[in-house]
Structures are given as structure tokens and as C-alpha cells.
Amino acid sequence: METTCSLMRRPDRRFDVLERIERDFQATPALSLTLAQARRLWALEHDTCAMLLQCLVEQRVLSRRADGRFVLASTNTLPPKLLAKAATGPVSLIA
């Protein structure tokens, strides 16, 4: 049985979109999207978007929070208050 990510090794447009999604999350570390928001942002059909996001979760690029939002895996451990500050500007880790 193939995993979601093994299906992505096939060369087609999905691989390009997968790379774009990853780049967008890397460029905007505070990005936090629901599946519906991601579908609109990248103009994808539900099943395709869900598969691509799941692939990035399996690769540990993204993680899915308890509220269902997809976030960059490295930011999932930040407290929500710090994430909110990161979305609005520079963050100082020293209080």
C-alpha cells in the first residue's frame, strides 16, 4: 500500500504545488490555515489539497494543531501569544 507521500513522487503538477505550499509556509512561519483556507489560497480541490497537506505533515514539514489548522512544524511548539506576535512583526524572545 502506498502512503500519501509516495504518491507524490510521481512527476506532475502536484509536486510543483507541494513545493509551493512548503515555500509559502517557510516564508511565512506564522501562517496558520484551515483546509478550507488552504484550498482557496492555492486554488485546489478538496481532495488534492488534503492529500498535499497530509504529505507535508507526514514529512514533518507541517503539523496539524488540535483545532485543525496546518502550521509549520517548527512553530507548532510556540505559545499562541508568541505566534500572534510573530504574525504582526518582529518577536523578542527576551522579556
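Scroll up for the structure.
Let me begin by describing the structure that accompanies this report. Throughout this document, residue positions are counted from 1 along each chain, in the order its sequence is written. Given that the model is predicted, a residue must reach a pLDDT of at least 70 before its local features are reported, and side-chain atom pairs must reach 80 or more before they are shown or counted; all residues, however, enter totals for whole chains, interfaces and linings. To obtain the side-chain values, all non-hydrogen atoms of the structure were included, while hydrogens and water were left out.

**Points about the overall build of the protein**
Working step 1: Regarding its fold elements, the protein presents five helices and three strands.
Working step 2: Relative to its 95 residues, the protein shows a buried fraction of 32%.
Working step 3: Of the contacts formed within the protein by residues at least 6 apart in sequence, a portion of 49% connects residues at least 24 apart.
Working step 4: Put simply, the protein shows about 6400 Å² of open surface, and 55% of that area lies on carbon and sulfur atoms. Helix numbering and strand numbering both begin at the N terminus, where a helix is a DSSP run of H or I of at least 4 residues and a strand a DSSP run of E of at least 2. Summary of the burial criterion: residues with accessible area below 20% of their type's maximum are buried, those above 50% are exposed, and those between are partly exposed, where the area comes from a 1.4 Å probe applied to protein chains only. By definition, residues are in contact when any of their heavy atoms lie within 4.5 Å. Per-residue accessibility takes into account occlusion by the displayed protein chains alone, with areas from the Shrake-Rupley method and a 1.4 Å probe.

**Examining the nonpolar core**
Within soluble globular proteins, side chains that are nonpolar generally end up buried alongside one another.
Working step 1: Throughout this description, the term nonpolar core refers to a set of buried Ala, Val, Leu, Ile, Met, Phe, Trp, Tyr and Cys residues connected via side-chain atoms within 4.5 Å. Membership of the largest hydrophobic core comes to 19 residues, with the highest contact counts inside it found for Ile-21, Phe-25, Trp-42, Leu-44, Leu-53 and Leu-62.
Working step 2: Counting only elements with at least two residues in this core, the list comes to helix H2 (13-27), helix H3 (35-42), helix H4 (46-58) and strand S3 (70-72).
Working step 3: With five residues, H4 is the largest single contributor of residues to this core.
Working step 4: Excluding its chain neighbours within four sequence positions, the residues that come into contact with Ile-21 are Trp-42, Leu-44, Leu-52, Leu-53 and Leu-56.

**What about H4?**
Working step 1: Taking 1.5 Å as the rise per residue, H4 with 13 residues should run 18 Å; its terminal C-alpha atoms sit 18 Å apart, in good agreement.
Working step 2: Along H4, the residues classified as buried are Cys-49, Met-51, Leu-52, Leu-53, Cys-55 and Leu-56.
Working step 3: Immediately beyond the C-terminal end of H4, within one or two residues, lies Arg-60, with a positive phi of roughly 65°. Multiplying one less than the number of residues by 1.5 Å gives the expected span of a helix.

**Considerations on the environment of Val-17**
Working step 1: Summarising the element assignment, Val-17 is placed in helix H2.
Working step 2: The spatial distance from the C-alpha of Val-17 to the C-alpha of Leu-44 is 9.3 Å, given a sequence separation of 27 residues.

**Comments concerning the sheet that holds strand S2 (residues 62-64)**
Working step 1: Strand pairing is assigned whenever DSSP identifies at least 2 bridges connecting the two strands. Read from one edge of the open sheet, three strands run S1-S3-S2, paired in antiparallel fashion. In the strand order of this sheet, the two ends are held by strand S1 (32-33) and S2, each with one partner.
Working step 2: Here S1 pairs with S3 via two bridges, running antiparallel. Residue pairing across strands places Leu-33 opposite Phe-70, the latter belonging to S3.
Working step 3: Sitting on the sheet, H2 touches S1, S2 and S3, and the angle it makes with S3 is about 65°. In this analysis, axes come from line fits to C-alpha atoms, helices being fitted only over the stretch in contact, and the angle between any two N-to-C directions falls in the range 0 to 180 degrees.

**Things to note about the packing of aromatic side chains**
Working step 1: Ring geometry is summarised as follows: Phe, Tyr and Trp rings, the Trp one being its six-membered ring, pair when their centres sit within 6.5 Å, and such pairs are stacked at plane angles under 30 degrees, edge-to-face over 60 and tilted between the two. Enumeration over the complete set of coordinates arrives at one aromatic pair.
Working step 2: An angle of 40° between the planes, with centres 6.0 Å apart, marks the rings of Phe-25 and Trp-42 as tilted. Residue Phe-25 is found in helix H2, and its partner Trp-42 is found in helix H3; the two are separated by 17 residues along the sequence.
Working step 3: The class of Phe-25 is buried, set by a relative accessible area of 0%.

**Observations regarding the packing of H2 against H4**
Working step 1: It is the contact of H2 with H4, at a shortest axis distance of 10 Å, that shows an interaxial angle of 60°. Taken together, the axes of H2 and H4 are oblique relative to one another. Between H2 and H4 the crossing geometry is right-handed. Each of Arg-14, Val-17, Leu-18, Ile-21 and Glu-22 in H2 lies in contact with H4, whose residues at this interface are Thr-48, Met-51, Leu-52, Leu-53, Cys-55 and Leu-56.
Working step 2: Just so you know the grouping, Ala, Val, Leu, Ile, Met, Phe, Trp, Tyr, Cys and Pro go in nonpolar, Asp, Glu, Lys and Arg go in charged, and all remaining residues, Gly too, go in polar. For the contact of H2 with H4, the residue count by class is eight nonpolar, one polar and two charged. Working definition: roughly parallel below 35 degrees, roughly antiparallel above 145 degrees, roughly perpendicular at 65 to 115 degrees, and oblique for all remaining angles. Note on convention: the crossing is left-handed when the near helix lies turned anticlockwise from the far helix by less than a right angle, right-handed when the turn is clockwise.

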